[in-house]
Every structure is written in C-alpha cells, then in structure tokens.
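A look at the structure
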Amino acid sequence: MSGPDALKKAFVKSYGCQMNAYDAARMADVLGGQGYAATDKVEEADVIVLNTCHIREKAAEKVYSELGRLRVLKTERAARGHDTRIVVAGCVAQAEGGEILSRAPAVDVVVGPQSYHRLPDLLARSHRGRVVDTEFPVEDKFDHLPARRSRGVSAFLTVQEGCDKFCAFCVVPYTRGAEVSRSVAAVVAEAEKLALAGVREVTLIGQNVNAYHGDGADGGTAGLPDLIRAVAAIPGIVRIRYTTSHPNDMGADLIRAHAEVPALMPYLHLPVQSGSDRVLAAMNRKHTGDQYRRLIARVRAARPDVALSSDFIVGFPGESDADFSDTMRLVSEIGFESAYSFKYSPRPGTPAAERADAVPEAVMAERLAALQGLLDAQRHAYQRAAVGRTLDVLVEKAGRRPGQVAGKTPHLLAVQFDAPASRIGEVVPVRIVETGSNSLFGAPVPEAAAA
Ligand code: 5AD
Ligand code: SF4
C-alpha cells in the first residue's frame, strides 16, 4: 500500500483514574515511537488499546461490552484486508489476566500497568499467538519509556504507584501492587522537560501520593514535601498539585508546604470515605472521623483558603442509617468544594467482598442521592461565592466559543473568558461575573487594576 493509508494508527482509550490517563498517554508515546499515529477514530485504528479500570464492578464490565463491539469491528476490518490488534491494558488486565482471552476472543494482548513499556514486543509476539504479560517486572518501566510527547499547559506526572494500605473494599493493592516511588532526580528531569515544552502546571500523581518516599538528591529518602519543593524550583513551573492522598500520610511537613510553597495550589483531595467510626474501622482505614476533622483543621490553619475534595462510599456492608447520618454530618461540618461518591461495589479478592451483611441496592441508591444532593449544594455554594472576586486563572486551552479561552483557578474551578489564544499558558487575573453549570464566566482584569 502507499499514500496516507500506509500510515499505521493507534487508538488508545482510558477508563478510570488519572494514573490510567497518564499510562494511556505513555502507551500512545510508546506506539508513536513505533510509527503509529494517534487517532480518535477507532474504526481506522490498526492497534486498539483499552486501558481498563477495575475499581468498581461497573467500570470493569464496561470493558467487556466495549470488547464485544470491537470484535465486530475487527471482523469487518479483516474482510477489507486490514489487521487489527486489540490490547487490554490496565487494572482489569492485571486482575483477570488470561481469563480475558477466554471471555473476549478478539483480544490479542493483555498487559498489566507495570509492563506496557514492552508493548512493541508484545504486539510483535501476538502474531504468533495471543499474549498475556501481567508480571511485576524487576526493571522500572519508566526507564524504558520513550521521551514524552508533551501536550498542553497542565500535565500529570506519575511519581508513585501502588498502595500498601489495604482498605477492605479496594482492589488497588492487588492490581497495582506495593508502593513504589520514583526518584526525585527522575521526577525533576521529567518535569524539567515538560516545563521546556510549555507545561506550567504539574500534578504529581500516585495511588497514595503522600506516601511518596523516593531516593533524594543527597542519598537519603525524600518525602512528598521535598519533591514538591524540588519541582517548585524548576523555571516555568508555576503551579503544583498532587493527588490522591491518604489522611494517615498527611504529615506536618506536607501541611507546612501548603503554607510555605507559593506554587503549591490551595486544593486538597483527601478521601475520607465515611464519617462513621464503625464503618471506617470496618473499612480498615485506620483513622476516625474526628482524626480527619482535626487534620482538616490543621491544613486550614496552614492555608486558610484551601479547597477540599474527597471520595465517599455509601452502603459499605453493615452501614446503618446512623452510620450514614455520621457521614452526612461530617460533610456538613467540613464543607467540600467537590467530591466523588459511589455505591459500594464488592470486588473479588477483597476482604469486604466476603461479608454477608450487604446493604440493599435501594438503600444504597437513596443514600447516594442524599449525599450527592448535599455535596452538589456545597459545590454550587462554593462556585457562587467566587462571583465578584478576582481569581488567577491559568489559561489552558481555547474556550467553548470562538474568542474565548478556558482555564482553572487555584481552587480548580473551571473558568471561561474572552481573550486571544495567545494567552494560553499565562496566569491571568479574571473577575468572575457569573456561574454556569460546569464553568464560571469572567472578564480579564488589566494587570494594574488587579494589583
Ligand atoms: N466500591 C465503591 N467505591 C470504591 N472505591 C474504591 N473501591 C471501591 C469499591 N469497591 C472508591 C473509593 C476510592 C475511589 C478511587 O474509588 O472512594 O477513594
Ligand atoms: Fe485503595 Fe485504600 Fe489504597 Fe486508596 S488507600 S488505593 S482506597 S487501598
């Protein structure tokens, strides 16, 4: 074949968390290095990668319905003489391994989150037979990934993977394995490259990012606050965020960094999961509701304008009406800018999945609706409170309408305003004039007036 048709194309779709989004982008880089151009049209892809999520049953089941559709597509493309390789990556791949091959006949490669740097080799081998690679290899995948093709103003950067906490409901310690941190030098080198490519905001990500303990510059071990300070020193990086955290790893030095490092944004995603001490104990969270409250008070003392975010699970086995009321009370007392809330979903292999005292689906649905109602009201109140204020917006991209740009405030509120695209990458003071459903709308303030 000749002409543009000869160009090989790869379609990569990611489900679930930001770690997966990062991995998906890196898989696109790996395939790019092999001559595959990225496409968002699945029907023209020679390689299709589904980067899967196993955290809740619904997320995992989505993959199988998608694979059913892809099987048809693969057959149609084969009839036209095109080969299609289908890759299942991510946490469903890790958890189910070879089982995926029997449930989904169209799949050629199953690759876990620690092995995707080997994708070219696995794809080559798949022509001789279907391949499964879900090892936790001894080599570090980050050392084997090609240079990052950076995009945009704001970038995720994986600094830590895995989790040793073993919350009773969670598959992460099984799918992502034990906690591993990259070295400060490796993270700083990646962040420097991002900065040179125009990135202004870096979000340090990890399943338990505040448990970060990487090799430091002086031969010792560095914690997340040390890493934050090192990244803050990189010219061009004006904003730093980190996610996601565990309350028990929220040390005094990290709290102090919120007071002392201007680039560290006043936003904290700190999942509490429940407000009931009984449920928290059953979840193996190893903290109480009051310990969480005291922690938040300390963070607020260090950074009074910090915006808070959390994850919640309703209907954990054995959760009573009184337990759920404790969650509602904690939410009312603390006040969150944003939050994710889920119905409990039993995951095979986790301790909670063995429990016989499941909460009925209807009760879970009722509790979720009540909790989301409260969280939505808090989110809207937070957005309304921004109206009339002048906030620094890091401009990330063109806005929805021509002549508009879009960006985020320090508190991660999305803002649209009229300005030329040449301002992308700048921090612009914007006076907020009204709230929309998902964004705020504002007008740029001349520098002199903003000062
Ligand atoms: N059921 C429901 N929600 C879950 N989460 C993790 N495991 C489960 C589960 N089995 C939620 C937690 C976690 C977020 C990433 O997903 O709230 O913080
Ligand atoms: Fe899962 Fe708990 Fe680890 Fe978070 S801290 S990844 S919820 S086991």
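Below, the structure is looked at part by part. (Residues numbered from 1 in each chain as written. Chains lettered and ligands numbered in written order. Predicted model: local features only at pLDDT ≥ 70, side-chain atom pairs only at ≥ 80, totals over all residues. Heavy atoms only, no water.)

**Observations regarding unusual backbone geometry**
Backbone geometry follows two general trends: most residues other than glycine have a negative phi, and most peptide bonds adopt the trans configuration. The cut-off we apply is this: Runs of H or I in DSSP of at least four residues are treated as helices and runs of E of at least two as strands, each being numbered from the N terminus. The rule is simple: take the accessible area with a 1.4 Å probe, protein chains only, and divide by the maximum for that residue type; under 20% is buried, over 50% is exposed, in between is partly exposed.
Residues Thr243 and Thr244 are joined by a peptide bond in cis, for which omega reads 5°. Note that Thr244 resides in the loop between strand S13 (239-243) and helix H9 (252-260). One non-glycine residue, Gln273, lies in positive phi territory at about 75°. Accessibility expressed as a relative area gives 8% for Gln273, which makes it buried. A positive phi is found at Leu412, a non-glycine position, where the angle reads about 70°. Here Leu412 shows up in the loop between strand S18 (404-408) and strand S19 (414-418).

**Overview of helix H11 (residues 289-302)**
This is how the line gets drawn: For a helix, the expected span equals 1.5 Å multiplied by the residue count minus one. This arc describes the spread of directions from the helix axis toward the C-beta atoms.
Over its 14 residues, H11 runs 20 Å from end to end, which matches the ideal 20 Å to within 8%, given 1.5 Å per residue. Of all the residues in H11, the buried ones are Gly289, Tyr292, Arg293, Leu295, Ile296 and Val299. Angular distribution of buried residues about the axis of H11 spans 165°; they occupy a single face of the element. For H11, exposure combined with an orientation more than 90 degrees from the buried face picks out Arg294 and Ala301.

**Overview of the packing of aromatic side chains**
Put simply, the rule is: Working definition: a ring pair exists when centres of Phe, Tyr or Trp rings (six-membered ring for Trp) sit within 6.5 Å. Plane angles under 30 degrees give stacked, over 60 give edge-to-face, the rest tilted. Charge-over-ring placement is defined geometrically: NZ (Lys) or CZ (Arg) within 6 Å of the ring centre, and within 35 degrees of the ring normal.
Overall, the coordinates contain four aromatic pairs when judged by the stated rule. Between Phe316 and Tyr344, the aromatic rings sit 5.4 Å apart at their centres with planes inclined by 70°, giving edge-to-face as the arrangement. Here Phe316, found in the loop between strand S15 (307-314) and helix H12 (321-334), pairs with Tyr344, found in the loop between strand S16 (338-343) and helix H13 (361-386); they are 28 residues apart in sequence, far enough to count as distant. Tyr344 shares its class with Phe316; the two are buried. Members of the aromatic cluster, connected to one another through ring pairs, are Phe169, Phe316 and Tyr344. Directly above the aromatic system of Tyr64 lies the positively charged group of Arg103, at a separation of 3.6 Å from the ring centroid. Of note, Arg182 hangs over the ring of Phe142, and the distance from its end group to the ring centre comes to 3.9 Å.

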